[in-house]
Amino acid sequence: MTKEEIKRLVDEVKADVIAWRRHLHAHPELSFQEEKTAQFVYETLQSFGGLEITRPTKTSVMARLVGPKPGRVVAIRADMDALPIQEENTFEFASKTPGVMHACGHDGHTAMLLGTAKIFDQLRDHIHGEIRFLFQHAEELSPGGAEEMVQAGVMDGVDVVIGTHLWSPLERGKIGIVYGPMMAAPDRFFIRIIGKGGQGAMPHQTIDAIAIGAQVVTNLQHIVSRYVDPLEPLVLSVTQFVAGTAHNVLPGEVEIQGTVRTFDAELRQTVPQWMERIVKGITEAHGASYEFQFDYGYRPVINYDEVTRVIEETARELFGEEAVARLKPNMGGEDFSAFLQKAPGSFFYVGARNEEKGIVYPHHHPRFTIDEDALEIGVQMFVAATLKLLAEAE
C-alpha cells in the first residue's frame, strides 16, 4: 500500500479521531478506574463491525482482527488513564471531572488506536496474519495495567508489539526514534528516621531526626556521584522530606521519599543495598533508628533494534528524512516494558508541540494539550508500520 493510499484512509477517519480524543479528554478517569472509558472504547470498536472484542481486565479492552491468510501476530498498544490534576485549559472539551485531567496525551493515544482499528477493519480481507489492538488501563500508577493485561494473556502468540507516545518536547511533524534503552525503571523508596523529639531550645536532650535526615539526603547523592561510573545512567531524587509541627519543637521522626531511575538490571538491584547501608550508618552514628522500604516499579523500556529500524523506515517513507528525530534515552518510566517481556517491539514518539499555537506545556502540567494535527500522523505511523511488520513474514 502506498503512502498516498494510507493518507487517504487516514483522512477519512481524521474527524472521528479528533472527536474521540475530545470526548475522552472531557471525561477523564484515573488509573484502575477507567470503566466509562473502557466502555466507550468497547462500543466504538463494536460499531466497526468486524472485530473480535474482549475485556481482558475490568478496565481494559482488546480487539482482534484475524485476516483470511496466516501470518504474523502484531500487537499495537495505547494507554487510556488520566492524572489527578485540575485542568487549567479553557477550551470547550476541557475536563468535566474536577481534579482529573488527561495531562499526558493518553486520550490522543486511545483515539489514534481507534482510528487505526477502524482502518484495518476496512482492510480485513487483505490482512495476512493477525492484529491485536490493546487498549490499556493504568499506565500512570504502579503496578500498572500492562502487567495485568499480560497476565490475562493478551500477548500470547504475539510476534511483535509497537506503541507510541505523543511527545510535547518534540514539534509536530517529527517522529522520535530511540534504539535500545529508551526509558528507565521508575523505582520508589521510603525512609523513616526515628529519633527522640523535644524542646527546640534544648537539642542536647533530643536525637534530632531532622539533622540526621539532612545528612541522609546529602549522603545518598554520593551513590550517583561516587559509587557509579559517570557514564552509567542513574537518577536518585529525594522528592519528599516531611517533619515537624511547630517552630520550637524538634520532631521525633522524619519521613523521606523519592525515586531511583536505572537502566542496568544489576545496578537496579545494588542501589537499594547501598542506600540502606548509608541510612543505617548515619542513624546508628547518632543513636537513631530507621525503617527502609524500596519498591520496584516498571522495568526499563528497551527497544529492539530490528523493530525500531522498521519504525524509522516507516517515518522516513511517510514524511521524509527531515521528520526522523534520533533521540537520547530519558529517565522517565513506562509500563510498555511489560509487553516487551513477551515479544520484541519498539516504542516511539510522535511530536505534539506547536509553539505557534501556544501548545508548549510539558506533560503533567495543568495546561498540557497536544496539537491535534499530530493525531493523523500517529495513525499513519500505526497503519504503515503494522503493514510493514506483517509483510516481513510473507
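Rules used throughout
Residues numbered from 1 in each chain as written. Predicted model: local features only at pLDDT ≥ 70, side-chain atom pairs only at ≥ 80, totals over all residues. Heavy atoms only, no water. Pairing = 2+ DSSP bridges. Helix = DSSP H or I, 4+ residues; strand = E, 2+ residues; numbered from the N terminus. Axes fitted to C-alpha atoms, helices over the stretch in contact; angles between N-to-C directions. Contact = heavy atoms within 4.5 Å. Left-handed = near helix turned anticlockwise from the far one by under 90°. Nonpolar A, V, L, I, M, F, W, Y, C, P; charged D, E, K, R; others polar. Core = buried A, V, L, I, M, F, W, Y, C linked by side-chain atoms within 4.5 Å. Buried < 20%, exposed > 50% of the residue type's maximum accessible area, 1.4 Å probe, protein only. Polar contact = N/O pair within 3.5 Å; in protein donor to acceptor, adjacent residues only side chain to side chain. Right-handed = clockwise from strand over helix to strand, strands pointing away. Salt bridge = Lys/Arg side-chain N within 4 Å of Asp/Glu carboxyl O. Phe/Tyr/Trp six-rings, centres within 6.5 Å; stacked < 30°, edge-to-face > 60°.

### Describing the sheet that holds strand E6 (residues 175-177)
Here comes step 1: Strand order across the open sheet formed by 8 strands is E1-E2-E4-E3-E5-E16-E6-E15, with mixed pairing between neighbours. Here the strands that pair on one side only, and so sit at the sheet edges, are strand E1 (52-54) and strand E15 (324-326). Neighbour-to-neighbour, the strand axes of the sheet open up by a mean angle of 25°, direction not taken into account.
Here comes step 2: Along the sheet, helix H9 (residues 373-391) contacts strand E3 (69-79), strand E4 (128-136), strand E5 (160-171), E6 and strand E16 (345-353); its crossing angle with E5, the most-contacted strand, is approximately 155°.

### Quick word on the packing of helix H1 (residues 3-26) against helix H3 (residues 106-122)
Here comes step 1: As a packed pair, H1 and H3 sit with axes 8 Å apart at the nearest point and diverge in direction by 145°. For H1 against H3, the interelement crossing comes out right-handed. Of the residues in H3, those in contact with Leu 9, Val 10, Glu 12, Val 13, Asp 16, Val 17, Trp 20, Arg 21, Leu 24 and His 25 of H1 are Asp 107, Gly 108, Thr 110, Ala 111, Met 112, Leu 114, Gly 115, Lys 118, Ile 119 and Gln 122.
Here comes step 2: Broken down by class, the residue content of the contact of H1 with H3 amounts to 10 nonpolar, 5 polar and 5 charged.

### Here's the deal with the nonpolar core
Here comes step 1: Ranked by size, the top nonpolar core spans 66 residues in total, and within it Leu 45, Leu 51, Phe 133 and Phe 135 carry the most contacts.
Here comes step 2: Per-element tally for this core: the top contributor is H9, with 11 residues.
Here comes step 3: With residues near it in sequence (within four places) discarded, Phe 133 still touches Leu 51, Val 61, Met 62, Ala 63, Leu 65, Ile 76, Leu 113, Thr 116, Ala 117 and Phe 120.

### Describing the environment of Val 228
Here comes step 1: Relative to the helices and strands, Val 228 is located in the loop between helix H5 (209-227) and strand E10 (234-242).
Here comes step 2: Taking the C-alpha atoms as reference points, Val 228 and His 128, separated by 100 residues in sequence, lie 49 Å from one another.
Here comes step 3: Once residues within four sequence positions are removed from consideration, Val 228 is found in contact with Ile 223, Leu 234, Leu 267 and Trp 274.

### Some words on the side chain of Arg 132
Here comes step 1: Considering the arrangement of structural elements, one finds Arg 132 in strand E4.
Here comes step 2: A distance of 2.6 Å separates a polar atom in the side chain of Arg 132 from a polar atom in the side chain of Glu 130.
Here comes step 3: Here the side chain of Arg 132 touches Asp 156 through a polar contact of 2.8 Å, landing on its backbone oxygen.
Here comes step 4: Excluding its chain neighbours within four sequence positions, the residues that come into contact with Arg 132 are Met 62, Ala 63, Arg 64, Val 73, Val 74, Ala 75, Ile 76, Gly 153, Val 154, Met 155, Asp 156 and Val 158.

### A look at the sheet that holds strand E13 (residues 289-295)
Here comes step 1: Spatially, the 4 strands line up as an open sheet ordered E10-E12-E8-E13, and their pairing is antiparallel. Each having just a single partner strand, E10 and E13 make up the two edges of the open sheet. Each strand of the sheet is rotated relative to its neighbour by a mean of 20°, with strand direction disregarded.
Here comes step 2: In terms of strand pairing, strand E8 (residues 185-194) meets E13 through 7 bridges, oriented antiparallel. The residue of E13 that forms the bridge with Ile 194 is Ser 289.
Here comes step 3: Contacting E8, E10 and strand E12 (253-262), H5 runs over the sheet at an angle of about 170° to E10.
Here comes step 4: Its contacts with the sheet put helix H6 (residues 265-285) on E8, E10, E12 and E13, and the angle it makes with E13 is roughly 170°.

### As for the pairing of E3
Within a regular strand, side chains alternate between the sheet's two faces.
Here comes step 1: In terms of strand pairing, E3 meets E4 through 8 bridges, oriented parallel. What sits directly across from Arg 77, in E4, is Leu 134.
Here comes step 2: Tracing the backbone out of E3, into H3 and back to the parallel element E4 gives a crossover that is right-handed.
Here comes step 3: In this structure, E3 lies alongside E5, joined through 4 bridges in parallel fashion. Residue Val 74 lies in a different strand from E5, and its bridge partner there is Val 160.

### A few points about the environment of Gly 99
Here comes step 1: One can find Gly 99 in the loop between E3 and H3.
Here comes step 2: The class of Gly 99 is partly exposed, set by a relative accessible area of 26%.
Here comes step 3: Through-space distance from the C-alpha of Gly 99 to that of Leu 327 is 33 Å; in sequence the pair is 228 residues apart.
Here comes step 4: Filtering out sequence-adjacent residues up to four positions away, Gly 99 remains in contact with Leu 83, Pro 84, Ile 85 and Gln 86.

### Describing the pattern of salt bridges
Here comes step 1: A complete count under the given rule lists 32 salt bridges for this structure.
Here comes step 2: Among the salt bridges present, the one from Arg 124 reaches Asp 121, with a minimum N-O distance of 2.7 Å.
Here comes step 3: With relative accessibility at 27%, the residue Arg 124 sits in the partly exposed group.
Here comes step 4: Judged by its relative accessible area of 8%, Asp 121 falls in the buried class.
Here comes step 5: Because the salt bridges share partners, they merge into one network encompassing Lys 7, Asp 11, Lys 14, Arg 172, Lys 357, Asp 371, Asp 373 and Glu 376.

### Side note on the packing of aromatic side chains
Here comes step 1: Going through the model one piece at a time under the given rule, you end up with 9 aromatic pairs.
Here comes step 2: Considering the side-chain rings of Phe 294 and Tyr 296, the 5.0 Å spacing of their centres and the 65° angle between planes classify their relative orientation as edge-to-face.
Here comes step 3: On the basis of relative accessibility, which here comes to 36%, the residue Tyr 296 falls in the partly exposed class.
Here comes step 4: With centroids separated by 6.2 Å and ring planes inclined at 80°, the aromatic side chains of Phe 348 and Phe 382 adopt a geometry described as edge-to-face.

Any link to function would need more than the numbers given here.
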